[in-house]
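Remarks on the overall topology
The chain contents come next:
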Amino acid sequence: MQYRIERTGIHILAFLVARCQAFGMYPFVVPFFMAAYLQERSSISLFIMLVLGLLTGMEWLAAVKYSLVLLFLLTMLNRTDRKKIFEDNIQIALATGIVLWAVTMPYQYMITAKDSSLVYALLEGIIAACFTLIFEQGIAGFRVGTDRMFASNERFVGVFICLAVGLFGCPVLTKPINLTFLICSFLLVYYVYRFEGSIGIAAGSVTGLVLSFQLNEVSYLAVMILLASIMILLRGLGKVGILLAYLAGNILLGFLYEDMLLTPQCLGATLAVAVSFLLVPAGFLKRSAMVHDGETRPSQDLLVQEATKSKIENFGQAFLAMEKMLALHEGERKDAVPNGLSNMYLSGDGISLLNAVESQSNRLAEMRRNFIRQLGRIGEIITSFQSEITEQSVKVDYFEGRIRERLGRMGVQVTKAVPMQEKNGRIEVYISCMVRSEAIVTGNQMAGPVSRILGKTVVCVGKGEAELL
């Protein structure tokens, strides 16, 4: 359910982003689609939503131009060796800007026949290159879940830039109610309620900035920030406290600061926000505990403990094998060496004695080698456990989201998925899950989707851990 909502939200955002116009151009269409491509969220349906967003402004030529640019970029990326070229996101972002500039420059000049169009074409290429990386971080924030949506500064900026561009693409309707004010106010209440105070203030700044530009009234910037501050003070009282603070804040600011808040259009929007927020199911308004980069959640810690137990078990098995080997050697030495040597001394057979000594010496040498190998195995187990569970080695959050989505189609509910990358590059995947129906899902069946996500063969071992071959 969560990921269907995520995909729907990204598609709606794509439609609104495509409507956002600047200097006669639609500079956010190509970077948004390429950002979705970097996050493996590009699809035919997303492409159609972008084109539909362009067509709402009756921009037929623009729709054809940007469609051709996207098709060329996708063809180029699919036909190149990603290990040699376009191996990171920055290179793909630069390619996006260059291709868009190369197409836009002659197109703009032929349409307008003005020298300034060349400058606009260069500006559009620069915007495309930069916003590909910004939108990529924003889409990543939507994908990893609310608790890690603002885990880094990059995601923080990316999410709110996506929000701002989407709001600028909303149609401006002021009758019978102020639609722009309604959408911005609802988002403000939502962010203040679900996230900590700093996120609420940031949401107030972004929504206030959008209202100031869309409604040509700078005072809305201060209004939204003040509304966010008032609601933060009563956030501890829950949904009712937030709504009372929102309604009281609108009326108070309407009398003391901006009388436009008391117009029928704004009052209607304010009441619509309150009713809509009350009707939102509690599951969509669960307050989020912010988790920053480098921190782990309790469920993740439990899986790390499970991995620790597995490693310690291997450590003990190495000692047991060493014990059995030494016990076997002692038994052979006790049974064979003393009696054989005594008989040889009594017989006085010097050649047999020499062979026996040499044989025992070889056996001791072999045992020493085995002992060294066992010690080496112990050392390897200890050192291999110095794993990194970070987004730099393996993108834990992205991986978990994709695992939940893929296994969810099989009727498996994943509560946590942790990949552990060892020093030798080997990856072990620990998945905590349950089956939602009476159907039987085996570990080998689950290994298939994991293999496709990692791009390498994965087998199920032990109690269900997935091991990368």
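Since the model is a prediction, treat every value here as computed from it, not as a measurement. (Residues numbered from 1 in each chain as written. Predicted model: local features only at pLDDT ≥ 70, side-chain atom pairs only at ≥ 80, totals over all residues. Heavy atoms only, no water.)

1. Comments concerning helix H7 (residues 153-168)
The α-helix advances 3.6 residues per turn, and as a result positions three or four apart in sequence lie on the same side. For H7, which comprises 16 residues, the first-to-last C-alpha distance of 23 Å matches the rise-based estimate of 22 Å (1.5 Å per residue) to within 8%. Within H7, the full set of buried residues consists of Arg155, Gly158, Val159, Phe160, Cys162, Leu163, Ala164, Val165, Gly166 and Leu167. (Helix = DSSP H or I, 4+ residues; strand = E, 2+ residues; numbered from the N terminus. Expected span 1.5 Å × (residues − 1). Buried < 20%, exposed > 50% of the residue type's maximum accessible area, 1.4 Å probe, protein only.)

2. Side note on unusual backbone geometry
Backbone geometry at Asn216 places phi at a positive 55 degrees, although glycine is not the residue there. Tracing the chain through its elements places Asn216 in the loop between helix H9 (197-214) and helix H10 (219-233).

3. Let's talk about the packing of aromatic side chains
All chains considered together, the criterion is met by 13 aromatic pairs. Ring centres of Phe168 and Phe213 lie 6.0 Å apart, and the angle between their planes is 70 degrees; this geometry places the pair in the edge-to-face category. Of this pair, Phe168 sits in helix H7 while Phe213 sits in helix H9; the two residues are 45 residues apart in sequence, bridging distant segments of the chain. Since its relative accessible area comes to 28%, Phe168 is described here as partly exposed. Taken together, a centroid distance of 5.7 Å and an interplanar angle of 90 degrees make the contact between Tyr190 and Tyr191 edge-to-face. With relative accessibility at 6%, the residue Tyr191 sits in the buried group. Aromatic ring contacts, followed pair by pair, group Phe156, Phe160, Tyr190, Tyr191 and Phe195 into a single cluster. Here the guanidinium or amino end of Lys239 rests over the ring plane of Phe277, the centre of that ring lying 5.7 Å away. (Phe/Tyr/Trp six-rings, centres within 6.5 Å; stacked < 30°, edge-to-face > 60°. Lys NZ or Arg CZ within 6 Å of the ring centre and 35° of its normal.)

4. Observations regarding the environment of Leu261
Tracing the backbone through its elements, the reader meets Leu261 in the loop between helix H11 (238-256) and helix H12 (264-279). Taking relative accessible area as the criterion, Leu261 reaches 1% and is therefore assigned buried. In this structure the C-alpha to C-alpha distance between Leu261 and Asn250, which are 11 residues apart in sequence, comes to 6.6 Å. Those residues in contact with Leu261 that lie beyond four places of it in its chain are Phe181, Tyr220, Val223, Asn250, Leu253, Gly254, Cys266 and Leu267. (Contact = heavy atoms within 4.5 Å.)

5. Some remarks on the nonpolar core
Ranked by internal contacts, the top residues of the largest apolar core, which has 45 residues, are Phe150, Phe160, Phe181, Leu188, Tyr191 and Met231. Where this core is concerned, the elements lending two or more residues are H7, helix H8 (179-194), H9, H10, H11 and H12. In terms of residue count, the dominant contributor to this core is H8 (9 residues). With residues near it in sequence (within four places) discarded, Tyr191 still touches Phe150, Val159, Leu163, Ile199 and Ala203. Within the second largest apolar cluster, 40 residues are counted, among which are Val17, Phe28, Ala35 and Leu77. (Core = buried A, V, L, I, M, F, W, Y, C linked by side-chain atoms within 4.5 Å.)

6. Re the side chain of Asn250
In this structure, Asn250 sits in helix H11. Engagement of the side chain of Asn250 in a polar contact is seen with the backbone oxygen of Tyr246, the distance being 2.9 Å. Those residues within four positions of Asn250 in sequence are excluded, and the remaining contacts are Phe181, Leu227, Leu261 and Thr270. (Polar contact = N/O pair within 3.5 Å; in protein donor to acceptor, adjacent residues only side chain to side chain.)

7. Focus on the packing of H7 against H9
Following both chains from N to C, one finds H7 and H9 inclined at 30 degrees, their axes separated by 10 Å at the closest point. Accordingly, the angle class assigned to the pair H7 and H9 is roughly parallel. The way H7 lies across H9 gives a crossing that is right-handed. Facing Phe156, Phe160, Leu163, Ala164, Leu167 and Phe168 of H7, the residues of H9 in contact are Ile199, Ala202, Ala203, Val206, Thr207, Val210, Phe213 and Gln214. When the residues that make up the contact of H7 with H9 are grouped by side-chain class, the tally is 12 nonpolar, 2 polar and no charged. (Axes fitted to C-alpha atoms, helices over the stretch in contact; angles between N-to-C directions. Parallel < 35°, antiparallel > 145°, perpendicular 65-115°, else oblique. Left-handed = near helix turned anticlockwise from the far one by under 90°. Nonpolar A, V, L, I, M, F, W, Y, C, P; charged D, E, K, R; others polar.)

8. Focus: the side chain of Thr180
On the secondary structure map, Thr180 appears in helix H8. You can call Thr180 buried: its relative accessible area is 3%. What Thr180 contacts, discounting residues up to four positions off in sequence, is Pro171, Val172, Leu173, Leu211 and Gln214.

9. A look at the packing of helix H6 (residues 116-143) against H7
As a packed pair, H6 and H7 sit with axes 7 Å apart at the nearest point and diverge in direction by 100 degrees. By the angle class used here, H6 and H7 are roughly perpendicular. Counting all contacts with H6, which are made through Phe131, Ile134, Phe135, Gln137, Gly138, Gly141 and Phe142, the residues of H7 involved are Glu154, Arg155, Gly158, Val159, Ile161, Cys162 and Val165.

10. What about the pattern of salt bridges?
It is possible for side chains of opposite charge to pair when their charged atoms get near one another. Throughout the structure, instances matching the rule amount to 1 salt bridge. Of the charged contacts in the structure, one is a salt bridge between Glu124 and Lys65, with a shortest N-O distance of 3.9 Å. In this pair, Glu124 sits in helix H6 while Lys65 sits in helix H4 (residues 60-78), placing the two residues 59 residues apart along the sequence. Of the two residues, Glu124 and Lys65, both sit in the buried class. (Salt bridge = Lys/Arg side-chain N within 4 Å of Asp/Glu carboxyl O.)

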